[in-house]
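Listed below, chain by chain, are the residues.
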Amino acid sequence: HVQDYCCSGIVEFNADAAFDGKILAIGLSAYEFRQNTGNEFQANIELLTANSIDYLVDCGPQGNVEPKAGFVLTESADDDDMAAADWFIQNYVMKGQGIMVTPAEVASLDRAKVSRLWLQCDLEDGTEFGWQNLPYGLADNAFVEGLKKYVEDGGNLLLTKHATQLVAAIGRTEYAPGIYGAGAGGEGGD
């Protein structure tokens, strides 16, 4: 098992005896939804995101009805989080294929109607290591338990950036990420 999945490319957690849902975790170093200076490869990150969300479709008992995707909308003012939310609205909500949910609404989600859920979290500089320090209600016990129940019941998750820490919070793995970064970041040629 890759212990430092928080910084890896993409790690897939398949369903198991306790969790009927699947999780895709796209780590810190591999995922920047909006670069401050622009990104000539922005279409690639958008395609990766769409492919990841669409990969998590689970039509199961709904027959020919394709369940909607959800985006967990936090109170984040981070430019990456806002750009991700705007992109999801344009590409899923406006097309009738997605809904926005708050952290408080996750516990009551019907996975038959919202079969996959995307949670993007890009932390501010200096945020302490550990999922217990996630802001915007993401470390609240009620949210974590609601997210856990959602995946146990067959809901699928896409976790990007710092949200990958929630894989350990919900008990999907005993391995918490060992590499962590919440700095200002920098330019990359890739």
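Keep in mind the model is a prediction, meaning the values are calculated, not measured.

Conventions we followed
Residues numbered from 1 in each chain as written. Predicted model: local features only at pLDDT ≥ 70, side-chain atom pairs only at ≥ 80, totals over all residues. Heavy atoms only, no water. Salt bridge = Lys/Arg side-chain N within 4 Å of Asp/Glu carboxyl O. Helix = DSSP H or I, 4+ residues; strand = E, 2+ residues; numbered from the N terminus. Buried < 20%, exposed > 50% of the residue type's maximum accessible area, 1.4 Å probe, protein only. Phe/Tyr/Trp six-rings, centres within 6.5 Å; stacked < 30°, edge-to-face > 60°. Axes fitted to C-alpha atoms, helices over the stretch in contact; angles between N-to-C directions. Parallel < 35°, antiparallel > 145°, perpendicular 65-115°, else oblique. Left-handed = near helix turned anticlockwise from the far one by under 90°. Contact = heavy atoms within 4.5 Å. Expected span 1.5 Å × (residues − 1). Arc of directions from axis to C-beta.

Caption draft 1: View of the pattern of salt bridges. Scanning the model with the defined rule gives five salt bridges in all. Of the charged contacts in the structure, one is a salt bridge between arginine 116 and aspartate 54, with a shortest N-O distance of 3.7 Å. Of this pair, arginine 116 sits in strand 5 (residues 114-121) while aspartate 54 sits in helix 1 (residues 42-55); the two residues are 62 residues apart in sequence, bridging distant segments of the chain. The class of arginine 116 is buried, set by a relative accessible area of 2%. In this structure, the salt-bridge partner of lysine 149 is aspartate 153, at a minimum N-O distance of 2.5 Å.

Caption draft 2: Up close: the packing of aromatic side chains. Following the criterion strictly, the structure yields six aromatic pairs and no others. On the basis of an interplanar angle of 15° and a centroid distance of 5.0 Å, the ring pair of phenylalanine 88 and tyrosine 92 is categorised as stacked. Taken as a pair, phenylalanine 88 and tyrosine 92 lie in helix 2 (residues 79-93) at a separation of four residues, close to a single helical turn. For phenylalanine 88, a relative accessible area of 0% puts it in the buried group. The class for tyrosine 92 is buried, based on a relative accessible area of 3%. An aromatic cluster is built from Phe71, Trp87, Phe88, Tyr92 and Trp118, whose rings are joined through pairwise contacts.

Caption draft 3: Inspection of the packing of helix 1 against helix 2 at higher detail. Closest axis-to-axis distance for the helix 1/helix 2 pair is 12 Å, and the angle between their directions is 55°. As far as their axial angle goes, helix 2 and helix 1 are oblique. The hand of the helix 1/helix 2 crossing is right-handed. Touching Glu46, Thr49, Ala50, Ile53 and Asp54 of helix 1 are Trp87, Phe88 and Tyr92, all from helix 2.

Caption draft 4: Geometry of helix 1. With 14 residues, helix 1 extends 20 Å from end C-alpha to end C-alpha; this agrees with the ideal 20 Å at 1.5 Å per step. Residues Gln42, Ile45, Thr49, Ala50, Ser52 and Ile53 constitute the buried set of helix 1. One face of helix 1 carries all of its buried residues, which in axial projection span an arc of 160°. Packed against the buried residues of helix 1 are strand 2 (23-26), strand 3 (68-72), helix 2, strand 5 and strand 6 (156-161).

Caption draft 5: Fine view of unusual backbone geometry. With a phi close to 65°, tyrosine 136 is a non-glycine residue in the positive phi region. Mapped onto the secondary structure, tyrosine 136 falls in the loop between strand 5 and helix 3 (141-152). Here tyrosine 136 falls in the partly exposed class, since its relative accessible area comes to 21%. Here the phi dihedral of lysine 161 falls at roughly 60°; this positive angle occurs in a residue that is not glycine.

Keep in mind these numbers describe shape, not what the thing actually does.
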